[in-house]
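# Structural characterization, general
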Amino acid sequence: MPMNKGPKDRSAKCTVRRSVHLAALVSALATTGVVVLAQSEPVDPRVEGLTFLGEPVLASQVMAGQQLYADNCASCHGASLEGQPDWRRRLDTGRMPAPPHDDSGHTWHHSDRMLFQITKGGVGAVVPGYESDMPAFGEDLTDAEIAAILVYIKSTWPERQREFQAEVSANDTGG
Amino acid sequence: MKSIEIGCRPNRRKVLAAVLGSGLATVLPRLVQAAVDGDPAALAFDGDTILLADRGLFVSDDAGQTWTAAETLGNVLSLATHRDRPGRVVAGLAEGGVSISEDGGASWRIFEARLPDGEITAVAIASRNPDMIYASLRGDGLWKSEDAGATWSLAMDRPWLDDAERELLSLASVELETGMGGIWIYAGTEVGLTRVPDCFCRWQDVQPGNAMDALVAGEAPPSEAPLPGGEPILSLASAPSAPEVMYAALRSGLWASQDGGVIWQKRASKAATAVAVHPRDETYIAALLGGILKISRDGGATWIETGER
């Protein structure tokens, strides 16, 4: 059978062309949609199971805190949060060495509020008269930076220590 | 974990000790009376039984009226018991090490994985965990065992008070919340009272619970009446039935606190060298006062001498 090349054939060609255009449009829209959807996903996700002073913690805070820790804390508390050697033994000055901030130390026994106070105001802010080599960071770091350092430290703890410290923080009703 | 035990087989030393012990049971009150101010001595309640370490270990089941000598693995300087583990007695030894009895002092063992050499000036059992034992090592620091004496680790260096490290002469695990998920360990030193949370972050003064709030608010600090400064605290006790009730033995006398060591009042003026409180009655205390063992059933308001005189 000879092929029909009359108006119907042209109409069919147009239909095919429209379909192709439509498909391309749909595809383009779909691609755009994927991009739009991808852009609507949170670029700074929450860190599961971690809060600070009752607020959720974002991944960007932990990353910022890691750098701030390296710049301000690691020289005493250790690059891996391991503390100074023999940290349970007093120095010749009578002061105690910097303790570890990992799960081998005692940091996870303290509430968020107390950790923030110690970092901002020094140990004397929570134990009046206590002499320590740890400076008060309140004049060098913003509150947000101190919080970032602390959430970084908290992010390194195993689950048991995180849960324990979360309970201590929840029960801390002081000041 | 291997341990050395006594109390199983008789030998010449034990027979001699038993013979001497039976004699001592009658002469002990005079020995108790002979104890002088400052002599190392320790007291503990194991249920209703009173244990006295004073140049030997002696046990009384009748509130101090009669005593029986018990054999030990050394010269006992310090004693600790626990209300939830009747029969368990922890003894710190002058020769070093901590020995443990599970039968009220009838037999003892000491683990091979012992503490470093040195006199054990004080021992305590954690109020919430009878397997957690604390021991202070003269010239060294505070050690802890989480497995009833089988293994030990350093918990904390000695406290820094008046520009020097100070010996821990007495210890008490006090079941008062620290706000750090645990409780306090109080320590008597050569120059006064101090305490450390059981997370061992730092030694610190005893303060009223709301002292920091007052500081922040700029208000007058809460009232305090501390123990006399610069005086050795030879013995400390916290009542298991009411942990805020504490007693302290000092050369200036026997002191009591109703609020976890913030405000102290003198309960006896004679030099006190040891004190213990009953596990179920915070007003029932035993103390060595002026070298004589005395009992009080009213928190130290009145005292009764024990044994023959």
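Naming follows an unreviewed UniProt entry, where chain B appears as WD40/YVTN/BNR-like repeat-containing protein of Halodurantibacterium flavum.

Looking at an unreviewed UniProt entry, chain A carries the name Cytochrome c, with the source organism given as Pseudooceanicola sediminis.

Residue and element names in this part refer to chain B. Positive phi, close to 55°, is recorded for Arg-55, a residue that is not glycine. Mapped onto the fold, Arg-55 is located in the loop between β3 (49-53) and β4 (57-60). For Asp-162, which is not glycine, the phi dihedral falls at a positive 50°. The residue Asp-162 is located in the loop between β14 (160-161) and β15 (164-165) in this model. By C-beta crowding, Asp-162 is classed as exposed, having 11 other C-beta atoms within 10 Å.

Attention now moves to the sheet that holds strand β24 (residues 285-289) of chain B. Residue and element names in this part refer to chain B. Read across the sheet, 4 strands follow the order β23-β24-β25-β26 without closing on themselves; strand pairing throughout is antiparallel. Of all strands in the sheet, those bounded by a partner on one side alone are β23 (272-277) and β26 (304-305). In this structure, β23 lies alongside β24, joined through 5 bridges in antiparallel fashion. For Ala-276, the partnering residue across the bridge sits in β24 and is Ala-286.

Our focus in this paragraph is the interface of chain A and chain B. In this complex, chain A contributes 18 residues to the contact, which on the side of chain B involves 18 residues. Grouping the amino acids of the side of chain A that touches chain B by side-chain chemistry returns 7 nonpolar, 6 polar and 5 charged.

Membership of the largest hydrophobic core comes to 84 residues, with the highest contact counts inside it found for Leu43(B), Leu79(B), Val123(B), Val275(B) and Ala287(B). It is strand β20 (residues 242-250) of chain B that contributes the most residues to this core, 6 residues altogether. Not counting chain neighbours up to four residues away, the residues in contact with Leu79(B) comprise Ala42(B), Leu43(B), Ala44(B), Leu51(B), Ala53(B), Val89(B), Val90(B), Ala91(B) and Val123(B). Membership of the second largest hydrophobic core comes to 18 residues, among which are Val57(A), Leu81(A), Tyr152(A) and Ile153(A).

Residues and elements named next belong to chain B. Structurally, Asp-205 is set in the loop between β18 (193-197) and α2 (211-217). According to the C-beta neighbour criterion, Asp-205 is partly exposed, with 18 such atoms within 10 Å. Placed 10 residues apart in sequence, Asp-205 and Arg-195 show a C-alpha to C-alpha distance of 6.3 Å.

When two helices pack together, their arrangement is given by the angle between their axes and by how far apart the axes lie. All names here are of chain A. For the pair helix α4 (residues 112-121) and helix α5 (residues 143-155), the least separation of the axes is 10 Å and the interaxial angle reads 125°. The orientation of α4 relative to α5 falls into the category oblique. Like other packed secondary-structure pairs, α4 and α5 cross with a definite hand, here right-handed. Touching Leu-115, Phe-116, Thr-119 and Lys-120 of α4 are Ile-146, Ala-147, Ile-149 and Leu-150, all from α5. Grouping the amino acids of the contact of α4 with α5 by side-chain chemistry returns 6 nonpolar, 1 polar and 1 charged.

So, on to the environment of Gly54(A). Tracing the chain through its elements places Gly54(A) in the loop between β1 (46-52) and β2 (55-58). Separated by 58 residues in sequence, Gly54(A) and Asp112(A) place their C-alpha atoms 8.8 Å apart.

For the rest of this paragraph, the subject is the sheet that holds strand β13 (residues 153-157) of chain B. All names here are of chain B. If you walk across this open sheet you meet the 4 strands as β10-β11-β12-β13, and the pairing is antiparallel. This sheet does not close on itself; its edge strands, each paired only once, are β10 (120-125) and β13. Averaged over all pairs of adjacent strands, the angle between their axes in this sheet comes to 25°, without regard to strand direction. In this sheet, β13 lies alongside strand β12 (residues 141-145) in antiparallel orientation, the contact comprising 4 bridges. Its bridge partner lying in β13, Trp-143 is registered against Leu-154.

Moving on, we get to the UniProt feature "domain: Cytochrome c" (unreviewed entry) in chain A. Following the UniProt record, the feature "domain: Cytochrome c" (unreviewed entry) maps to residues 60-157 of chain A here. In residues 60-157 of chain A, the share of helix is 41% and the share of strand is 0%. The end C-alpha atoms are 18 Å apart.

The rules behind the values
Residues numbered from 1 in each chain as written. Chains lettered and ligands numbered in written order. Predicted model: local features only at pLDDT ≥ 70, side-chain atom pairs only at ≥ 80, totals over all residues. Helix = DSSP H or I, 4+ residues; strand = E, 2+ residues; numbered from the N terminus. Buried ≥ 20, exposed ≤ 12 C-beta atoms within 10 Å, placed from the backbone. Pairing = 2+ DSSP bridges. Contact = placed C-beta atoms within 7 Å. Nonpolar A, V, L, I, M, F, W, Y, C, P; charged D, E, K, R; others polar. Core = buried A, V, L, I, M, F, W, Y, C linked by C-beta atoms within 7 Å. Axes fitted to C-alpha atoms, helices over the stretch in contact; angles between N-to-C directions. Parallel < 35°, antiparallel > 145°, perpendicular 65-115°, else oblique. Left-handed = near helix turned anticlockwise from the far one by under 90°. UniProt positions renumbered as here; feature names shortened; annotations may be inferred.

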